[in-house]
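Take a look at the letters that make up each chain.
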Amino acid sequence: MNLRVKVNLFFATLLLMSLFVSMGVLISNARQSVKADMEETMSAAAQLITVSLSTEGGLDRKGGMYQHLHDLVVALSEIRSLHILLFDDEGLLFEGEPRIGKEASPPEWFIDILLPKVSPLTKRFGQGHMVIYAAPLQEINERWLDIRSILALGLGIFIFVGLTLYWGVGRLLKPLERLLEALSGFEQGNLHLRLPRFSMTEMDQISQSFNRMGQTLEQSIEENRRLAVLVQQSGDAILSLDHAGHILLCNPAAEKLLNHQSASLLGNDLASIGFSENKQQIQEALESCKRVENLETQLPKDEGGTRSILLSTVPLLDREKIVRGVICTLRDITEHKQMEAAENQLRETRLLAQHMAEVQEGERRHLARELHDELGQCLTAIKTDAVLIRNRTEETEPKVFTSAQAIIDVASHIYDVVHNMITRLRPSPLDDLGLITTLEESISAWQKRQAEISFKLSLSGELNNLSEAMNMTVFRVVQESITNAVRHANASEIRINVNNEGEQLVIDIADDGKGMEVQDFHSDVDFGLLGMRERAHSLGGEFKLTSALGEGVLIHITLPLGIN
């Protein structure tokens, strides 16, 4: 039974009780009124008859008093609803009965309730006496008509008030019905439902509170959903544990990491799954619900070997800040450790390559100095002696003259070869005149040898105060780039830009040749590119090659300044 029916039944019961009480009061008052009226009427009738008898001088069957008294008794009986019996010494003189009306008689139960218990009135006079009985049917009938009218009016009022209450209660409870519908929608998951504004202040306050609660609940559930998705999709293994370290909840990443399904993991002790390092520390942290950050340990693999794991824990608190368990995250850092090892190995390899390059440059410097000092002086001495011999035998000994000239030519050729070797091993202007002059002379030499190619050199910024390693790296990179372009690019123009930007040195070498497909440096042609890249990386710089078939090649190198 709903609230609306209960409220209407309550008020209907009150109305019926009020109606019944009112009817009871009316009937009680009517009963008392009928009794009082009958007693008064009987007394008045007896008094009137007595007065009439005393005035006329007695009762005589043959006199005129008889007819007068008869008319009086009949009139009193009919008017006052009395049953009057008048006796003389001979017996019943005459009888007066109440007039029976044509109105609808009241029901028997009503007559039984209202009929008063009034004793007959007996009174003697002279030679006779009279007996008067109460016959209040007419009076009761009048009361019945009055009460019936009042009852009909009460029933009409009851029906009207009942319908009005039913409509009014329904209107008043309409906001509650909307509230129940919204709550039912909440139960079904429709958290977007909201209540309208109501005219009643109290219901409007309930409506606004409900809407705020719904909005907060919707936001909370959405946040929980996002957190659940985050946990489910997280790459780290996330597990919820109780005070004893038993697994209560885990995400798919934990199943994958531990090689178990969640059903087989739930209830197990996390510390007993096979940690091979810091096992005791992990056990204590899980049992005491302590915070642990990035504790490194290892787990065995099914296929053999181990995984490197970072374990972190944080206490799980409820709203009262009471520790209810612990949240544990496991991160597989095996690949990270392998990458660190590879990076360390690469760093060591680059340091070794840098050291080898420095040693190579030192050997080249030493060899160039030896060639210049020793072989150059010997060739100069040989050429000088050959010139003296040639000059002294020009006219006297033609054969010796010819041999001396041949020695001079061979010595000059050997000197040119040695000079070129010295330049390739260690360009002397780099030590004596600086980077700018060395690059200009090198580009000029290339222009002379490759007249069909246009070489354009652009230098900006301070370039003469760089370190020896930086000077040599720039020179070798430019030389190697030009060599590759001349040999393989079929270019008509080669542009070299070296710019000191203050914090870094920028080298750009571009050609308009046939270009290439940029891949890993694995072919014979790419060994020079690989060397340039390693030179740049050894000084902490960056190497970038941009090219496509038919679009030439652009080599962009940045070197941080201040690194020797």
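This structure is a prediction, so every number in the text was calculated from the model and none was measured.

J.: Help me understand the overall build of the protein, please; the structure alone is not making it clear to me.
T.: Secondary structure summary: the protein contains 14 helices and 14 strands in total. Residue burial in the protein is summarised as follows: out of 564 residues, 34% are buried. Of the contacts made within the protein by residues no fewer than 6 positions apart, 57% connect residues no fewer than 24 positions apart. When the accessible surface of the protein is split by element, carbon and sulfur atoms take 54% of a total near 34400 Å².

J.: When you look at the pairing of strand β10 (residues 454-460) in this model, what are you seeing that I'm missing?
T.: On a regular strand, one side chain projects to one face of the sheet and the next to the other, so that they alternate. Sheet analysis places β10 next to strand β11 (residues 493-500), joined by seven bridges and oriented parallel. Bridge assignment links phenylalanine 455 to a residue of β11, and that residue is isoleucine 494. Running through helix α13 (residues 468-489), the crossover from β10 to the neighbouring parallel element β11 is left-handed.

J.: Looking at this model, I keep getting lost on helix α5 (residues 201-233). Mind explaining?
T.: Helical geometry note: an α-helix holds 3.6 residues per turn, so side chains three or four residues apart project in the same direction. Here α5 spans 47 Å end to end across 33 residues, near enough to the 48 Å set by a 1.5 Å rise per residue. Those residues of α5 that fall on the buried side of the exposure criterion are Met203, Asp204, Ser207, Phe210, Asn211 and Gly214. Check the buried side of α5 and you find it contacts α4 (137-187).

J.: Which parts of the structure should I look at to understand the sheet that holds strand β5 (residues 237-241)?
T.: Taken in spatial order, the five strands of this open sheet run β6-β5-β9-β8-β7, and their pairing is antiparallel. A strand with exactly one partner marks an edge of an open sheet, and here the two such strands are β6 (247-250) and β7 (292-300). In this sheet, neighbouring strand axes are inclined to one another by 30° on average, regardless of whether the strands run parallel or antiparallel. Where strand β8 (residues 306-317) and strand β9 (residues 323-332) come together, nine bridges link them in antiparallel fashion. Each bridged residue has a counterpart across the sheet, and for leucine 311 the counterpart in β9 is leucine 330. Running over the sheet, helix α8 (residues 279-288) touches β5, β7, β8 and β9 and is turned about 125° from β7.

J.: Sorry, what's going on with the nonpolar core here?
T.: Grouped burial of nonpolar side chains is what soluble globular proteins tend to show. With 35 residues, the main nonpolar core has Val474, Ile494 and Leu559 as its most contacted residues. For this core, the secondary structure elements donating two or more residues are α12 (435-449), α13, β11, β12 (504-511), α14 (526-538), β13 (542-547) and β14 (553-560). When residues of this core are assigned to their parent elements, the largest contribution, ten residues, is made by α13. Other than its neighbours up to four places away in sequence, leucine 559 contacts Met470, Thr473, Val474, Gln504, Leu505, Ile507, Ala536, Leu539 and Gly541.

J.: Would you mind going over the environment of phenylalanine 401 with me for this structure?
T.: In this fold, phenylalanine 401 is placed in helix α10 (residues 398-425). Once you skip the residues sitting within four places of it in the chain, phenylalanine 401 turns out to touch Arg390, Thr393 and Glu394.

J.: I'm lost on a nonpolar patch on the surface in this one. Help?
T.: Together, Phe10, Phe11, Leu14 and Met17 line one region of the surface with nonpolar side chains, adding up to about 370 Å² of accessible area. Along the chain, leucine 14 falls in helix α1 (residues 3-56).

J.: I'm lost on the environment of glutamine 283 in this one. Help?
T.: Along the chain, glutamine 283 turns up in helix α8. Measuring from C-alpha to C-alpha, the distance between glutamine 283 and serine 272 comes to 8.5 Å, with eleven residues separating the pair along the chain. Dropping the residues within four chain positions of it, glutamine 283 is found in contact with Asp269 and Ala271.

J.: Looking at this model, I keep getting lost on the side chain of asparagine 251. Mind explaining?
T.: Structurally, asparagine 251 can be placed in the loop between β6 and α6 (252-258). What asparagine 251 contacts, discounting residues up to four positions off in sequence, is Val231, Gln232, Ser234, Asp236, Ala237 and Ile238.

J.: Could you clarify how one ought to interpret the sheet that holds β10 in this entry?
T.: Within a beta sheet, neighbouring strands are joined by backbone hydrogen bonds and run either parallel or antiparallel to one another. Read across the open sheet, the five strands follow the order β10-β11-β12-β14-β13; overall the sheet is mixed. Of all the strands in the sheet, just β10 and β13 have a single pairing partner and so form its edges. Strand-to-strand twist in this sheet, taken as the mean axis angle between neighbours without regard to direction, amounts to 10°. Here α13 sits on the sheet and contacts β10, β11, β12 and β14; the angle it forms with β12, its principal contact strand, is near 10°.

J.: Looking at this structure, I do not really get α13. What am I missing?
T.: Between its first and last C-alpha atoms α13 spans 30 Å; for 22 residues at 1.5 Å apiece the expected length is 32 Å, and the two agree. Of all the 22 residues making up α13, 16 are buried; the element is thus mostly covered by neighbouring parts of the structure. A positive phi of about 55° marks asparagine 490, the residue just after α13.

J.: Even after reading the chapter, I still don't get the packing of aromatic side chains, so can you show me in this structure?
T.: Each aromatic ring pair is summarised here by two numbers: the centre-to-centre distance and the angle between the ring planes. Counted according to the given criterion, the structure contains one aromatic pair. Centre to centre, the rings of phenylalanine 10 and phenylalanine 11 are 5.5 Å apart; their planes meet at 75°, and the pair counts as edge-to-face. A relative accessible area of 48% means that phenylalanine 10 is categorised as partly exposed. According to the relative accessible area criterion, phenylalanine 11 is partly exposed, its value standing at 31%. Directly above the ring of tryptophan 446 sits arginine 449, whose terminal nitrogen or CZ lies 4.5 Å from the centroid.

J.: In this structure, what is going on with the environment of glutamine 219? I would like to understand it.
T.: For glutamine 219, the position within the fold is in helix α5. Among the residues examined, glutamine 219 registers a relative accessible area of 48% and is labelled partly exposed. Taking the C-alpha atoms as reference points, glutamine 219 and leucine 191, separated by 28 residues in sequence, lie 9.5 Å from one another.

J.: Explain the packing of α4 against α5 here, please?
T.: In the contact formed by α4 and α5, the axes pass within 11 Å of each other and the chain directions differ by 10°. Comparing their axes, α5 and α4 come out roughly parallel. Residues Pro175, Leu176, Leu179, Ala182, Leu183 and Phe186 of α4 lie in contact with α5, whose contacting residues are Met203, Ile206, Phe210, Met213, Gly214 and Leu217. For the contact of α4 with α5, the per-class residue count stands at eleven nonpolar, one polar and no charged.

J.: I keep staring at unusual backbone geometry and nothing clicks. Help me out?
T.: For residues besides glycine, phi is generally negative; the peptide bonds are generally trans as well. With a phi angle near 50°, asparagine 294 is a residue other than glycine that sits in the positive phi range. Considering the arrangement of structural elements, one finds asparagine 294 in strand β7. Classification of asparagine 294 as exposed rests on a relative accessible area of 53%. Positioned with a positive phi, asparagine 490 is a non-glycine residue whose angle comes to about 55°. Looking at the element boundaries, asparagine 490 is found in the loop between α13 and β11. Under the relative-accessibility criterion, asparagine 490 is labelled exposed at 64%.

Cut-off values and rules
- Residues numbered from 1 in each chain as written.
- Predicted model: local features only at pLDDT ≥ 70, side-chain atom pairs only at ≥ 80, totals over all residues.
- Heavy atoms only, no water.
- Helix = DSSP H or I, 4+ residues; strand = E, 2+ residues; numbered from the N terminus.
- Buried < 20%, exposed > 50% of the residue type's maximum accessible area, 1.4 Å probe, protein only.
- Contact = heavy atoms within 4.5 Å.
- Areas by Shrake-Rupley, 256 points an atom, 1.4 Å probe, with all protein chains shown as cover.
- Pairing = 2+ DSSP bridges.
- Right-handed = clockwise from strand over helix to strand, strands pointing away.
- Expected span 1.5 Å × (residues − 1).
- Axes fitted to C-alpha atoms, helices over the stretch in contact; angles between N-to-C directions.
- Core = buried A, V, L, I, M, F, W, Y, C linked by side-chain atoms within 4.5 Å.
- Patch = residues over 30% accessible without salt bridge, like charges linked within 9 Å, V, L, I, M, F, W, Y side chains within 5 Å.
- Salt bridge = Lys/Arg side-chain N within 4 Å of Asp/Glu carboxyl O.
- Phe/Tyr/Trp six-rings, centres within 6.5 Å; stacked < 30°, edge-to-face > 60°.
- Lys NZ or Arg CZ within 6 Å of the ring centre and 35° of its normal.
- Parallel < 35°, antiparallel > 145°, perpendicular 65-115°, else oblique.
- Nonpolar A, V, L, I, M, F, W, Y, C, P; charged D, E, K, R; others polar.

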